[in-house]
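Summary of the model geometry
Below, each chain spelled out in residue letters.
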Amino acid sequence: MRRTVFMAMSVVFLSGLFFFGPLGESAMVWAQDDIGKHPECPYCGMDRNKFAHSRVLLTYDDGVEMGFCSLRCAAVDLANNIDAAPASIQVGDYNTKALIDAERAYWVIGGNKMGVMSKRAKWAFATKTDAEAFITANGGELADFETAIKAAYTDLYEDNRMIREKRKMMRMKMQKKNKS
């Protein structure tokens, strides 16, 4: 009996660690299964769990919720749904993978780490200290959300070209492998 009570209390305690994030709000939305609801990015098919550190959860004002692997794919959706207003844009914190408010996040653009679906990375951080530490270690520039989303739109042409070339190379490898 004691063992069962101890186990139950442990589960409750550990659950609390996942649901209360560093911002004092229920910021650890990651534990609330947005990845379970949206396991793959609808534009590129990437696994959102694998890219939890860059994922975006976009909720439009009509209640429609969409999950993406990156700011790049979220930008594609925002461009395709020009008449839909976003009510909430959350992004994975690079360090903790917890969803944070994209507009309040500290963004790092560029640096020496390849971005997700983009040559020029766009990473979000819950704190300015974390963003600055990343810049010290990896380069890049500190930015706000408006600058990051504008960079995502600016980079779309080059990113799409890069993706097409990668997919072309993969098809060629598959064809060559199938001929062997």
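Residues numbered from 1 in each chain as written. Predicted model: local features only at pLDDT ≥ 70, side-chain atom pairs only at ≥ 80, totals over all residues. Heavy atoms only, no water.

**Looking at a negative patch on the surface**
On the surface, Asp101, Glu103, Asp144 and Glu146 cluster together into a negatively charged patch. Of note, Glu146 is situated in helix α5 (residues 145–179). (Patch = residues over 30% accessible without salt bridge, like charges linked within 9 Å, V, L, I, M, F, W, Y side chains within 5 Å. Areas by Shrake-Rupley, 256 points an atom, 1.4 Å probe, with all protein chains shown as cover. Salt bridge = Lys/Arg side-chain N within 4 Å of Asp/Glu carboxyl O. Lys, Arg positive; Asp, Glu negative; His and termini not counted. Charge placed at Lys NZ, Arg CZ, Asp CG, Glu CD. Helix = DSSP H or I, 4+ residues; strand = E, 2+ residues; numbered from the N terminus.)

**Here we look at the pattern of salt bridges**
All told, the structure shown has 5 salt bridges when counted by the stated rule. Asp155 is paired through a salt bridge with Lys122; the nearest N and O atoms lie 2.8 Å apart. With Asp155 in helix α5 and Lys122 in strand β6 (residues 122–125), the pair connects residues that are 33 residues apart, well separated along the chain. Each member of the pair Asp155 and Lys122 is classed as buried. (Buried < 20%, exposed > 50% of the residue type's maximum accessible area, 1.4 Å probe, protein only.)

**Some points on the confidence of the model for the protein chain**
The predicted model of the protein chain has a mean per-residue pLDDT of 86, with 82% of residues at 70 or higher. A low-confidence stretch, residues 1–31 (pLDDT under 50), is modelled with 32 contacts involving residues beyond four sequence positions or located in other chains. (pLDDT = per-residue confidence, 0-100. Contact = heavy atoms within 4.5 Å.)

**Notes on the pairing of strand β3 (residues 86–92)**
Pairing of strand β1 (residues 56–60) with β3, which is carried by 5 bridges, proceeds in the antiparallel orientation. When the bridges of β3 are listed, Val56 appears paired with Val91. Across 3 bridges, the pairing between β3 and strand β4 (residues 99–101) is antiparallel. Directly across from Gln90, in β4, lies its bridge partner Asp101. (Pairing = 2+ DSSP bridges.)

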